[in-house]
Amino acid sequence: MSDSLRVNVPAITASPSPLARPPALCPVASLVTACATVSLDLHLPGTLRDVERAAAATLPAHTLMSRAGAAVAEWLYARLPALASAGRQAVLLLAGPGNNGGDAYVAARELHRRGVLVDVWQLAPPTTDDARWALADALAAGVPVRPAPDTWPEPSAYAWIVDGLFGIGLSRPLEGAAAALVENIAYAHRQGTPVLAIDIPSGLAAATGIAAGSTIRADVTMAMLGACPGLFTGSGRDIAGDVLVASLGAEEALAATRAALPNDAHIATSGPDAFLAQLPQRHHASHKGSYGSLAVLGGYDGMVGAPLLSARSGLMTGAGRVYVGFVAQEAPAWDPVHPELMLRHAENLDLSTMQAVAIGPGLGTSAASSACLSRALALDDTPLVIDADALNLLAAEPSLAERVRRRAGPTVLTPHPLEAARLAGCDVARIQSDRLACARALARHFGATIVLKGSGSVIDDGTHTWINTTGNAGLATAGTGDVLTGAIGALLAQGMPATQAALAAVWLHGRAAERCVCAGAGPAGLTASELLPAIRAELTDLLTEATRATPFVRPPYGSRADPT
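Residue positions are given per chain, counted from 1 along the sequence in the order it is written. Local features are withheld for residues below a pLDDT of 70 in this predicted model, meaning they are given only at 70 or higher, and side-chain atom pairs are given and counted only at 80 or more; totals for whole chains, interfaces and linings count all residues. The basis for every side-chain value is the complete set of heavy atoms in the structure, and neither hydrogens nor water enter the calculation.

Overview of the packing of aromatic side chains
The test is simple: Side-chain rings of Phe, Tyr and Trp, where Trp is taken by its six-membered ring, are said to pair if the distance between their centres is within 6.5 Å; with planes under 30 degrees apart they count as stacked, over 60 as edge-to-face, and otherwise as tilted. Where helices and strands are cited, they refer to DSSP runs of H or I of at least four residues and of E of at least two residues respectively, numbered from the N terminus. Partly exposed residues are those whose accessible area sits between 20% and 50% of the maximum for their type, while under 20% is buried and over 50% is exposed, using a 1.4 Å probe and protein chains only. Counted as over-ring charges are cases with an Arg CZ or a Lys NZ within 6 Å of the ring centre that also lie within 35 degrees of the ring normal.
In total, this model carries five aromatic pairs according to the counting rule given. An angle of 90° between the planes, with centres 5.7 Å apart, marks the rings of W75 and W160 as edge-to-face. You can see W75 sitting in helix α2 (residues 63–77) and its partner W160 sitting in strand β6 (residues 158–164), a full 85 residues away along the chain. Per residue, the accessibility class of W75 equals that of W160, and both read buried. Each member of the aromatic cluster is reached from another via a ring pair, and the members are W121, W152 and Y158. We note R282 situated over the ring of Y291; from NZ or CZ to the ring centre the distance is 3.6 Å.

Describing unusual backbone geometry
A cis amide bond links G522 with the next residue in sequence, P523, at an omega value of 15°. You can see P523 is positioned in the loop between α17 (498–518) and α18 (531–548). Positive phi is not limited to glycine here, since D199 has a value of about 75°. Relative to the helices and strands, D199 resides in the loop between β7 (195–198) and β8 (220–224). Using a relative accessible area of 13% as the deciding quantity, one classes D199 as buried. For L225, which is not glycine, the phi torsion reads 75° and is therefore positive.

Things to note about the pattern of salt bridges
Worth spelling out the cut-off: Salt bridges, as used here, are contacts in which a Lys or Arg side-chain nitrogen is within 4 Å of a carboxyl oxygen on Asp or Glu.
Using the criterion set out here, one finds 17 salt bridges in the structure. A salt bridge links R114 to E74; its shortest N-O distance comes to 3.0 Å. In this pair, R114 sits in the loop between α4 (99–113) and β4 (118–122) while E74 sits in helix α2, placing the two residues 40 residues apart along the sequence. Owing to a relative accessible area of 4%, E74 belongs among the buried residues under this scheme.

Right, here's the structure in full:
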């Protein structure tokens, strides 16, 4: 996803082509760029269908489809290479039988009117009134429409491919002619032809991000009216590319439909606006005790590195004091990398003096490990992060799981899909088939904030759902989950509410990976330890931004604005 601020901009954008531009096609359409720095409301397919019906009822016939196709044409025309702008290289538009196909017909018509060569491949005749109208209008304008061929012409035949085959209503894997066509598009994409998907890449499940069969992989997806969760989690992040949202002038219908939803139906991407107000601020008149004491418990024989990673992460995320309690009897007495850490055997730590406890990294599942978890669960009011082997113990020992459910204090559970499957008593495929529903079920079962890790990590507190859009493949390495656990624990120790601590830590964790990769470290070969200074840098940037947002901030000493 783009890291630029999300902004509302006209659908018309400046073009590198020297050719003059006709007037705007769709002045009421605006584009929103989905990005990591601002939260974006997400909508299930059924909600968007309700919005479409409500908006269409107040507008002349075919208005929404006209706006959608025009928005596609405007965006694409501004980005065509010179040959295509000059009418010497064609744009291919794929039209399915539904309204996505109708959007493609309108886009083809508008590009054709601007002198762009277009080639429309029809998978099947239109089945909706709007799409039939769009096809008739395109044919009347002279747009060439033909059945989709069985073979691909040549790798560089087209400047762009526009996917208008299937939209957000698709609920089954593609097969037959559709699957064969998608495989041809995949071949062209691998050869370098860029792809723009209308609403959602064909074959991707809009609600879940599952790609069960042949699926078009897009460079850009333009979602109409609003974006669905599947664009941001599961396989969606790899398949959808950069996500744009075209409002189509239906903001009032969207707001009204959303307001009518139950309070627990809120879904959004997570950005700093979701947690910045609760981020712990730094003051001159403070000391180490002002920022909390964090205990990290774990480190069975052969796994003492895991709690050290968590503890180091806790330091870098601002905890005032960090202790490590090892289950292993043969544990290090000090950390030569970070001697600031205080290392103990787990049973020798006074957990009652801690502002937060994180348990699980390298914990193991021995009797000693279970006893350590039991001690942590005895802290009824202390904020608690449960990860890794501690989650496996909960799955194996129902009595421990019941104690989590009865806790009064804030609890954050951070399972990866396999750990979530153990907790839920199912398999990984079930968890991944609907990550949002599984995170919600676990959150309500345990009365906790759940961080279901993976591509597009899902954070759910039982009433609201967020999908994180930061991070990259560099996080697919040992120890990165331990780093996340320490970051959540540190923010809890500093007094953040559990949900906001989880949102902030997951966001910072992903941004740290992006920072490392931008600096040339990874994604292949990125290590968990390399995330630590990057997390600190990202946290510093956030705190600086939060300070700037506060009115009447005193300028630095010695500046021109300083009265002294």
